[in-house]
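# Fold and contact review
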Amino acid sequence: TSTYRLELPDELKNRRVHDRFHVSLLKPHIAHEDARFPNRDVRYFYDLGNYVEGETVVEDLIDHMFTPRLMFQVKWADGDITWAPLSVCSKLAALDRYLALHNVTRPADLP
């Protein structure tokens, strides 16, 4: 296959870091050299921020419709796709990208 599943440390699993990667994103592991990189802490992970149970990241806005209010189809980083009203999407960076892509002016009443 062209994807590999990696065994991740519990700290990353608890943060819901995805454990499958395409082969093009992987490189052979080369152990660090203490002589060249003294005081390097290889157990330190990048701070991904405070994880809130049930919270996920918006990957993109992929569609919109009026029902009678403006709704956006949201693609979440965990793979889910749902519909959300403009009031929920108004502060997303993805909204500005979506509006620009579709050549739509941001509604004046949005923050």
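Higher on the page you've got the structure.
Below, the structure is looked at part by part. In this text the structure is predicted, and so the values were computed from the model without any measurement.

Attention shifts here to the nonpolar core. By size, the foremost hydrophobic cluster in this structure holds twelve residues: Leu61, Leu70, Phe72, Val74, Trp76, Ala84, Leu86, Cys89, Ala94, Leu95, Tyr98 and Leu99. Once you skip the residues sitting within four places of it in the chain, Leu70 turns out to touch His64, Met65, Ala84, Pro85 and Leu86.

One pass over the full model with this rule turns up two salt bridges. Across the pair Asp19 and Arg5 runs a salt bridge, and its minimum N-O distance is 2.7 Å. Taken as a pair, Asp19 in the loop between helix H1 (10-14) and strand S2 (20-22) and Arg5 in strand S1 (residues 3-5) lie far apart in primary sequence, 14 residues in all. Judged by relative accessible area, which is 18%, Asp19 ranks as buried. What makes Arg5 exposed here is its relative accessible area of 59%. Note that Glu59 and Lys75 form a salt bridge whose closest N and O atoms lie 3.3 Å from each other. Note that Glu59 is positioned in strand S3 (residues 58-66) and Lys75 in strand S4 (residues 70-76), a separation of 16 residues in sequence.

Scoring rules and cut-offs
Numbers given to residues run from 1 along each chain, matching the order in which its sequence is written. A pLDDT threshold of at least 70 governs which residues receive local features in this predicted model, and a stricter bar of 80 or more applies before side-chain atom pairs are shown or counted, although totals over entire chains, interfaces and linings include all residues. The side-chain quantities take in all heavy atoms of the structure and omit both hydrogens and water. As used in this record, nonpolar core signifies buried Ala, Val, Leu, Ile, Met, Phe, Trp, Tyr and Cys residues forming a set joined through side-chain atoms within 4.5 Å. Buried residues are those whose accessible area, probed at 1.4 Å on protein chains only, stays under 20% of the maximum for their type, while exposed residues exceed 50% and partly exposed ones sit between those limits. Contacts: residue pairs with any heavy atoms within 4.5 Å of one another. Here, a salt bridge means any side-chain nitrogen of Lys or Arg that lies within 4 Å of a carboxyl oxygen of Asp or Glu. Helix numbering and strand numbering both begin at the N terminus, where a helix is a DSSP run of H or I of at least 4 residues and a strand a DSSP run of E of at least 2.

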